[in-house]
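# Reading the structure
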Amino acid sequence: MPGIKGFISLEGIEGSGKSTQVKLLAGHLRAKGHNAIETVEPGGTNIGLKIRALLLDPRNHMDPLTELLLYYASRAQHVREVIYPAILKKTIVITDRFTDSTVAYQGYARGVDLSLIRALDEIVVPDMKPSLTFLLDLDAEEGLRRNRQARKEDRFELEALEFHKRVRTGFLQIAKEEPERVRVVDASRSAEEVSAEIIKIVEEVWH
Ligand code: TMP
């Protein structure tokens, strides 16, 4: 499936700089005269933000299945309330994380069966795939080091290094399986360099 034109996701481990890149790309596209919105998962809606708080609270000891279903609950609301209406209006949507994060975190890192994630995906977000995904690839130790500097400590940031290494492996595996959609960008460089590469790829793909 080729994915939805004008729907872009950015993915990567903690500390890979996705949020900065989402802002830079959206800012660039708007400066070029496009309508573009930035959004985030989990979150993106009022309900999503409440679910996000549940998911990230380090005091919650959460069952992996509860975790998976909460990500999809947030996504169901996000797609119907924000993403799909924007796409219908031909607005470009740039999201900080989408389904690939679930495959990498809940699937590869937590060990939830990938076929269960795929089945949920077909129910909750049928035919809602980005046409372009940037994987901001970074060494897990470097990502955690950056996060510690920023003093971030949510439920996932407190996971062991091994967990984050599995997340990275998961993302790289997705990129290997879908090289047309998922472009791997070296996120160890400066934000400006990473942004320039992302913009170049978007322009090449959409020329
Ligand atoms: P953020 O820190 O990039 O805003 O993302 C919040 C956390 O949620 C991050 O640790 C990754 C995690 N996450 C999942 O585990 N599964 C998902 O499907 C998504 C969207 C995020």
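Scroll up for the structure.
Residues numbered from 1 in each chain as written. Predicted model: local features only at pLDDT ≥ 70, side-chain atom pairs only at ≥ 80, totals over all residues. Heavy atoms only, no water.

## Section: helix α4 (residues 99-109)
- Of all 11 residues that make up α4, 10 are buried, and the element is covered over most of its length.
- Every buried residue of α4 is accounted for by Thr99, Asp100, Ser101, Thr102, Val103, Ala104, Tyr105, Gln106, Gly107 and Ala109.
- Packing partners of the buried residues in α4 comprise β1 (4-12), α3 (64-88), α5 (114-124), β4 (130-137) and α7 (161-177).
- Trailing α4 by a residue or two, glycine 111 shows a phi angle of about 90°, which is positive. (Buried < 20%, exposed > 50% of the residue type's maximum accessible area, 1.4 Å probe, protein only. Helix = DSSP H or I, 4+ residues; strand = E, 2+ residues; numbered from the N terminus. Contact = heavy atoms within 4.5 Å.)

## Quick notes on α7
- For α7, spanning 17 residues, the distance from its first C-alpha to its last is 25 Å, which sits close to the expected 24 Å at 1.5 Å a residue.
- Taken together, the buried positions of α7 are occupied by Phe163, His164, Val167, Gly170, Phe171, Ile174 and Ala175. For α7, the angular spread of buried residues about the axis comes to 135°, placing them on one side.
- Residues of α7 that are buried make contact with β1, α4, β4, α6 (140-149) and β5 (182-186). (Expected span 1.5 Å × (residues − 1). Arc of directions from axis to C-beta.)

## What about the side chain of serine 101?
- Assignment of secondary structure puts serine 101 in helix α4.
- Judged by relative accessible area, which is 7%, serine 101 ranks as buried.
- Only 2.5 Å separates the side chain of serine 101 from the side chain of glutamate 11, close enough to count as a polar contact.
- Side-chain polar atoms of serine 101 contact the side chain of arginine 97, separated by 2.9 Å. (Polar contact = N/O pair within 3.5 Å; in protein donor to acceptor, adjacent residues only side chain to side chain.)

## Some details on a nonpolar patch on the surface
- Where nonpolar side chains cluster on the molecular surface, the patch consists of Leu65, Leu69 and Leu116 and spans about 240 Å² of accessible area.
- As for its placement among the helices and strands, leucine 69 is situated in helix α3.
- Overall, the relative accessible area of 45% leaves leucine 69 in the partly exposed class. (Patch = residues over 30% accessible without salt bridge, like charges linked within 9 Å, V, L, I, M, F, W, Y side chains within 5 Å. Areas by Shrake-Rupley, 256 points an atom, 1.4 Å probe, with all protein chains shown as cover. Salt bridge = Lys/Arg side-chain N within 4 Å of Asp/Glu carboxyl O.)

## Some words on the site of the ligand
- Neighbouring the ligand are 14 residues; Glu14, Tyr71, Arg97, Thr102 and Gln106 lie closest to it.
- Arginine 75 is positioned such that a nitrogen or oxygen atom in its side chain is 3.2 Å from an oxygen atom of the ligand.
- A distance of 2.8 Å separates a nitrogen atom of the ligand from a polar side-chain atom of glutamine 106.
- Taken together, the elements giving at least two residues each to the shell around the ligand come down to α2 (46-56), α3 and α4.
- Per element, the largest residue contribution to the shell around the ligand is 4 residues, and it comes from α4.
- Looking at the shell around the ligand residue by residue, the classes come out as 5 nonpolar, 3 polar and 6 charged. (Near = heavy atom within 4 Å. Nonpolar A, V, L, I, M, F, W, Y, C, P; charged D, E, K, R; others polar.)

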